[in-house]
Amino acid sequence: MKVIHAIDAVLDRVEKWATVFLLLALTFIIFIQVIARALDAPLTWSDEAARLCFVWCVYIGAVHASRMGKHLKIDIVGSLVRHPGLRSGLNFIEDIAATVFLIIFIPVGFGLMQQFLASGQESPVLHYNVAVGYAAPAIFFLFGALRHIENIFREIQRISRRKKGLDSDESAEEGSEA
């Protein structure tokens, strides 16, 4: 279990720092472009660079949101359920559904990336292989599925602790609702 926690901590830091770096780079690139346009000397490369930073930032952020349970979901039923055990079961089902969805799309994402790698298509200005941009969704499908699987194991641990009476989440949540 310690190995899983160590891997989780490393992935968590990598996701956060990569997102911070990409957002800073995106902000800097756009700022430079605004200044350059104001000086009537627009940059040719800034749109492509900003787009690539944005795409990667979105997908890395989506992986992190999956880990935190803040991914895009419809939680109408979950908001109506007050019992922590039922809410936990709904979270479990949501994570399983998301994992299945992401696992189905892993080969699609990597297949698309491989097609662009094989084609050798380059971006018009920066001349990088466009597979670099198409790798972001493929990486998201893979790591998003891993993060949801991690959430599933975490939820199983919570449920088993509740059954053993070791988890105080249930009593704390019931106390806050009273």
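Please refer to the structure placed before this passage.
Values in this document were obtained by computation on a predicted structure and should not be read as measured data.

I'd like a rundown of the overall build of the chain, residues and numbers included.
Across its full length, the chain carries six helices and zero strands. Mapped from its N terminus to its C terminus, the chain presents α and β elements in the order α-α-α-α-α-α. Of the contacts formed within the chain by residues at least 6 apart in sequence, a portion of 71% connects residues at least 24 apart. Roughly 11500 Å² of accessible area belongs to the chain as shown, and the carbon and sulfur atoms make up 71% of that amount.

I'd like a rundown of helix 5 (residues 131-164), residues and numbers included.
Helical geometry: 3.6 residues make up each α-helical turn, so side chains three or four residues apart lie on a common side. End to end, helix 5 covers 49 Å across 34 residues, agreeing with the expected 50 Å (1.5 Å per residue, within 8%). Downstream of helix 5 by one or two residues, Gly 165 has phi in the positive range, about 80 degrees.

Would you mind going over the side chain of His 64 in detail, with residue names and values included?
Of note, His 64 is situated in helix 2 (residues 46-68). What His 64 contacts, discounting residues up to four positions off in sequence, is Asp 12, Glu 15 and Lys 16.

How would you summarise the packing of helix 2 against helix 5 if you had to cite specific residues and measurements?
It is at 7 Å that the axes of helix 2 and helix 5 come closest, and there the two elements cross at 10 degrees. Overall, the two elements helix 2 and helix 5 adopt an arrangement that is roughly parallel. When grouped by side-chain class, the residues that make up the contact of helix 2 with helix 5 number 13 nonpolar, five polar and four charged.

For helix 4 (residues 84-119), give the residues involved together with the corresponding values.
With 36 residues, helix 4 extends 51 Å from end C-alpha to end C-alpha; this agrees with the ideal 52 Å at 1.5 Å per step. Of all the bends found along helix 4, the most pronounced is centred on Phe 105 and spans about 35 degrees, while Pro 107, a proline, follows it within four residues. Residues of helix 4 that are buried: Pro 84, Ser 88, Asp 95, Ala 98, Thr 99, Leu 102, Ile 106, Gly 109, Met 113 and Phe 116. Just past helix 4, the residue Gly 120 takes up positive phi, approximately 75 degrees.

Could you give me a rundown of the nonpolar core, with the residues and numbers involved?
Membership of the largest hydrophobic core comes to 18 residues, with the highest contact counts inside it found for Leu 22, Ile 29, Cys 53 and Trp 56. Looking at this core, the elements that each hand over two or more residues are helix 1 (2-38), helix 2, helix 4 and helix 5. Here the element with the most residues in this core is helix 2; it accounts for seven residues. Discounting chain neighbours no more than four positions away, the residues touching Ile 29 are Trp 45, Ser 46, Ala 49, Ala 50 and Cys 53. Residues Val 63, Leu 102, Ile 106 and Phe 141 belong to the second largest nonpolar core, which totals six residues.

Give me the packing of aromatic side chains: which residues, what numbers.
Tallied over the full model, the rule gives five aromatic pairs. Look at Phe 101 and Phe 105: their rings are 4.8 Å apart centre to centre, the planes differ by 45 degrees, and that puts the pair in the tilted class. Here Phe 101 and its partner Phe 105 are both found in helix 4, four residues apart, which amounts to about one turn of the helix. When the centroid spacing of 5.7 Å and the interplanar angle of 50 degrees are considered together, the rings of Phe 140 and Phe 141 count as tilted. Owing to a relative accessible area of 14%, Phe 141 belongs among the buried residues under this scheme. Aromatic rings pair up to connect Tyr 59, Phe 101, Phe 105, Phe 140 and Phe 141 into one cluster.

Definitions and cut-offs
- Throughout this description, residue numbers start from 1 for each chain and increase along the sequence as written.
- Where totals are concerned, whole chains, interfaces and linings use all residues; where local detail is concerned, this predicted model gives features only for residues with pLDDT of at least 70, and gives and counts side-chain atom pairs only at 80 or more.
- Side-chain calculation: all heavy atoms of the structure are included, whereas hydrogens and water are not.
- Each helix is a run of DSSP H or I of at least 4 residues and each strand a run of E of at least 2, with the numbering of both proceeding from the N terminus.
- Note on contacts: a residue pair qualifies if any of its non-hydrogen atoms lie within 4.5 Å across the two residues.
- Reported accessibility uses the Shrake-Rupley method at a 1.4 Å probe radius. Residues are deemed covered only where the shown protein chains occlude them.
- Each helix should span, by expectation, one fewer than its residue count multiplied by 1.5 Å.
- The convention used is that axes are lines fitted to C-alpha atoms, helices contributing only their stretch in contact, and that angles between N-to-C directions extend from 0 to 180 degrees.
- Orientation is classified from the angle alone, with under 35 degrees giving roughly parallel, over 145 giving roughly antiparallel, 65 to 115 giving roughly perpendicular, and any other angle giving oblique.
- All residues other than Ala, Val, Leu, Ile, Met, Phe, Trp, Tyr, Cys, Pro, Asp, Glu, Lys and Arg, Gly among them, are scored as polar; the first ten of these are nonpolar and the last four charged.
- The quantity called bend is, for any residue, the angle between two axes fitted respectively to the seven residues ending at it and the seven beginning at it.
- With a 1.4 Å probe rolled over the protein chains alone, any residue whose accessible area is under 20% of its type maximum counts as buried; one over 50% counts as exposed, and the rest are partly exposed.
- Take the buried residues of types Ala, Val, Leu, Ile, Met, Phe, Trp, Tyr and Cys, join any two whose side-chain atoms come within 4.5 Å, and each joined set is a nonpolar core.
- Two aromatic rings from Phe, Tyr or Trp, using only the six-membered ring of Trp, form a pair when their centres are within 6.5 Å; if the ring planes differ by under 30 degrees the pair is stacked, by over 60 it is edge-to-face, and anything between is tilted.

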